[in-house]
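Residue strings, one per chain:
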Amino acid sequence: MTNFDSKKLTELVLYILCKTGGVDFYHVFKILYFAEMKHLARWGSGIVPDEFCALKYGPVPTHLYDAVKELGHSRMKLSEELSEVVQFAGEDAPNVLLPKRDANVDFLSKSEIDALDQSIIEHESMTFGQLMRKSHDAAWDEANRRVHGTNVISPISMAKVMNADEAMLEYIEEQMQIEAALR
């Protein structure tokens, strides 16, 4: 993960926390997942500089998930950055994250903000069970069923869930090939 990716992911989390007044990290992960899907299907690019993995309770952005688990004992750069700008709500709400400052929206495009806003409106008041059922979609299922290999959810599968047309799916595939060639 690059320094920019870490900063952008931090600002994405802060944006969600500022808009909602604070939510549990499960909601943060799912709001990001559904915003990612919307943006992929509409614009052919993701907004989250992280890979989503299919875990038992649904998709999670891998690096962000690890960083949140480490908040307070930062051993990774992302966790260190998050610790500076977010905090846990306390003993009564140990999984709820609160912002320490406003998000720097210079890291986000208008289309990314629109996708985040739509996802926040649709998902912030859903229960854990509702989010889990909704996020156990075809993209999650495909990654979760893999016997050998990784449980990383394909951006193409995510766009398919959102009914992206063939031209958009081809575009996403081309972008993935370009990114892989540049690594």
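Residues numbered from 1 in each chain as written. Predicted model: local features only at pLDDT ≥ 70, side-chain atom pairs only at ≥ 80, totals over all residues. Heavy atoms only, no water.

Undergrad: Just checking my understanding: could you explain the layout of surface pockets for this structure?
TA: Unoccupied space between atoms shows up once a probe the size of one water molecule is rolled over them. The computed volume of the largest pocket comes to approximately 800 Å³. Taken together, 30 residues line the largest pocket, and the ones lying closest to its centre are Val 48, Asp 50, Pro 155, Glu 179 and Arg 183. Looking at the lining of the largest pocket, the elements with two or more residues in it are helix H1 (3-20), helix H2 (25-43), helix H8 (155-161) and helix H9 (166-182). In terms of residues, the lining of the largest pocket owes the most to one element, H9, which gives 6 residues. Partitioned by chemical class, the residues of the lining of the largest pocket number 15 nonpolar, 7 polar and 8 charged. (1 Å grid on protein atoms, 1.4 Å probe; cavity = no way out; pocket = protein on both sides within 12 Å on 5 of 7 lines; lining within 4 Å. Points joined across faces, edges and corners; volume = space filled by probe spheres on them. Helix = DSSP H or I, 4+ residues; strand = E, 2+ residues; numbered from the N terminus. Nonpolar A, V, L, I, M, F, W, Y, C, P; charged D, E, K, R; others polar.)

Undergrad: Help me understand the pattern of salt bridges, please; the structure alone is not making it clear to me.
TA: For side chains of opposite charge, pairing can occur when their charged atoms come near one another. Taken as a whole and judged by the stated rule, the model has 10 salt bridges. With its nearest N and O atoms 2.6 Å apart, the salt bridge here joins Glu 11 to Arg 101. Linking Glu 11 in helix H1 with Arg 101 in the loop between strand E5 (93-99) and helix H5 (110-123), this pair joins segments that are 90 residues apart in sequence. Between Glu 122 and Lys 134 there is a salt bridge, and its shortest N-O distance comes to 3.7 Å. Here Glu 122 is found in helix H5, whereas its partner Lys 134 is found in helix H6 (residues 128-135), with 12 residues between them in sequence. Taking the relative accessible area as the measure of exposure, Lys 134 reaches 35% and is therefore partly exposed. (Salt bridge = Lys/Arg side-chain N within 4 Å of Asp/Glu carboxyl O. Buried < 20%, exposed > 50% of the residue type's maximum accessible area, 1.4 Å probe, protein only.)

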